[in-house]
Amino acid sequence: MASPSTALLALVIALGCASTTANARFTALQWTPAHATFYGDETAAETMGGACGYGNLYATGYGTDTAALSTTLFKDGYGCGTCYQIRCTGSPSCYTGSPVITVTATNLCPPNWAKDTNNGGWCNPPRTHFDLSKPAFMKMAQWRAGIVPVMYRRVPCVRRGGLRFALQGNTYWLLAYVMNVAGAGDVAEMSVRSGAGAWVRMSHNWGASFQAFAQLGGRALSFKVTSYTTRQTVVAENVTPANWCLGLTYQARVNFS
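In this text the structure is predicted, and so the values were computed from the model without any measurement. (Residues numbered from 1 in each chain as written. Predicted model: local features only at pLDDT ≥ 70, side-chain atom pairs only at ≥ 80, totals over all residues. Heavy atoms only, no water.)

**What to know about the UniProt feature "domain: Expansin-like EG45" (unreviewed entry) in the protein chain**
The UniProt entry lists residues 49-162 under the feature "domain: Expansin-like EG45" (unreviewed entry), expressed in the numbering used here. The distance separating the terminal C-alpha atoms of residues 49-162 is 21 Å; by composition the span is 7% helix and 30% strand. (UniProt positions renumbered as here; feature names shortened; annotations may be inferred. Helix = DSSP H or I, 4+ residues; strand = E, 2+ residues; numbered from the N terminus.)

**A word on the sheet that holds strand 5 (residues 100-109)**
Spatial ordering of the closed barrel is given by 2-6-3-5-4-7, a layout of six strands whose pairing is mixed. Strand after strand, the sheet turns through a mean of 45° between neighbouring axes, direction not considered. Relative to strand 5, strand 4 (residues 83-88) runs antiparallel, the two sharing five bridges. Bridge pairing links isoleucine 86 to isoleucine 101 in strand 5. (Pairing = 2+ DSSP bridges. Axes fitted to C-alpha atoms, helices over the stretch in contact; angles between N-to-C directions.)

**Some words on the state of the cysteines**
Evaluation of the coordinates by the stated rule reveals four disulfides. Linked covalently through their sulfurs, cysteine 52 and cysteine 80 form a disulfide whose S-S length is 2.1 Å. Judged by the sign of its S-S torsion, about -90°, the cystine formed by cysteine 52 and cysteine 80 is left-handed. Placement of the pair is cysteine 52 in the loop between strand 2 (32-39) and strand 3 (66-70) and cysteine 80 in the loop between helix 1 (71-74) and strand 4, with a sequence separation of 28 residues. Accessibility assignment for this pair places cysteine 52 and cysteine 80 in one class, buried. Put simply, cysteine 83 and cysteine 157 are joined by a disulfide, and their sulfur atoms are 2.1 Å apart. Measuring the twist about the S-S bond at about 115°, one finds the cysteine 83-cysteine 157 disulfide to be right-handed. A residue pair is termed long-range when its members are at least 10 positions apart, and cysteine 83 in strand 4 and cysteine 157 in the loop between strand 7 (148-155) and strand 8 (164-170) qualify at 74 residues. In the protein chain, numbering the disulfide-bonded cysteines from first to last in sequence yields the connectivity 1-2, 3-8, 4-5, 6-7. (Disulfide = S-S within 2.5 Å. Buried < 20%, exposed > 50% of the residue type's maximum accessible area, 1.4 Å probe, protein only.)

**Topic: the UniProt feature "domain: Expansin-like CBD" (unreviewed entry) in the protein chain**
Mapped onto this numbering, the UniProt entry gives "domain: Expansin-like CBD" (unreviewed entry) at residues 172-252. Secondary structure within residues 172-252 divides into 0% helix and 46% strand; the distance between the first and last C-alpha atoms comes to 23 Å.

**Examining the side chain of serine 93**
Here serine 93 lies in the loop between strand 4 and strand 5. With a relative accessible area of 15%, serine 93 lands in the buried category. Not counting the four nearest positions on each side in its chain, serine 93 is found in contact with Ala141, Gln142, Ala145 and Val148. (Contact = heavy atoms within 4.5 Å.)

**A few points about the nonpolar core**
In terms of nonpolar packing, the biggest core is built from 33 residues, with Tyr54, Tyr84, Ile86, Val103, Phe130, Leu132 and Met140 touching the most fellow members. Apart from residues lying up to four places away in sequence, methionine 140 is in contact with Ala36, Ile86, Arg87, Cys88, Cys94, Tyr95, Pro99, Ile101, Leu132, Val148 and Val150. Formed by 27 residues, the second largest nonpolar core is a distinct cluster that contains Leu163, Phe165, Met202 and Leu248. (Core = buried A, V, L, I, M, F, W, Y, C linked by side-chain atoms within 4.5 Å.)

See the structure below:
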């Protein structure tokens, strides 16, 4: 299993044409009660990296409006990239007017089995819980509260530009971190094609990364990506040049709707 902190954004290149299949457009879900805490300080330094493998969240475009999800929402990494609106409610620590914040899931809030689910083990299954970056938490509530009741709903992710693929691995193993995913924000399946060759099915590694055990160098890479929630599939042709390199990030011209 690769370390989730290894995804790099050394370079972004927009190449190729693209197509989509299916017309499943993700729409906002209903408001649901949960609780929220925060981790780290005002710099959000502790939120960088994370279990989804997005690396430096400033460089990859997610910034500090992020959340670590409890196991129930994280879904073994298939919850990476999903977007939520959250508002503090029912606590004197909530700001007046209950302002709504929008965050992206970039990390896992692991269970703490040493503590009761309702007394410190906030992320223990089956609880739905959001451990926000401190800057995000401070947009809706006073940070001294520590934990506040919230209402949340999953919403479409709004992204600029196309899907991004951060490539790692070696000659015989390609590891791709998928970022900047619009629509439902999540990824269930990926395939890769080298040049005009056959599609190679990629297996889920961890977080937002998928892997292929194949020799794929020397030709342009194309990717086929399927959403976990909507099952919409996007085909990004020739995302990389033929002389693509590991350690770089390449951007397609296509994204989910």
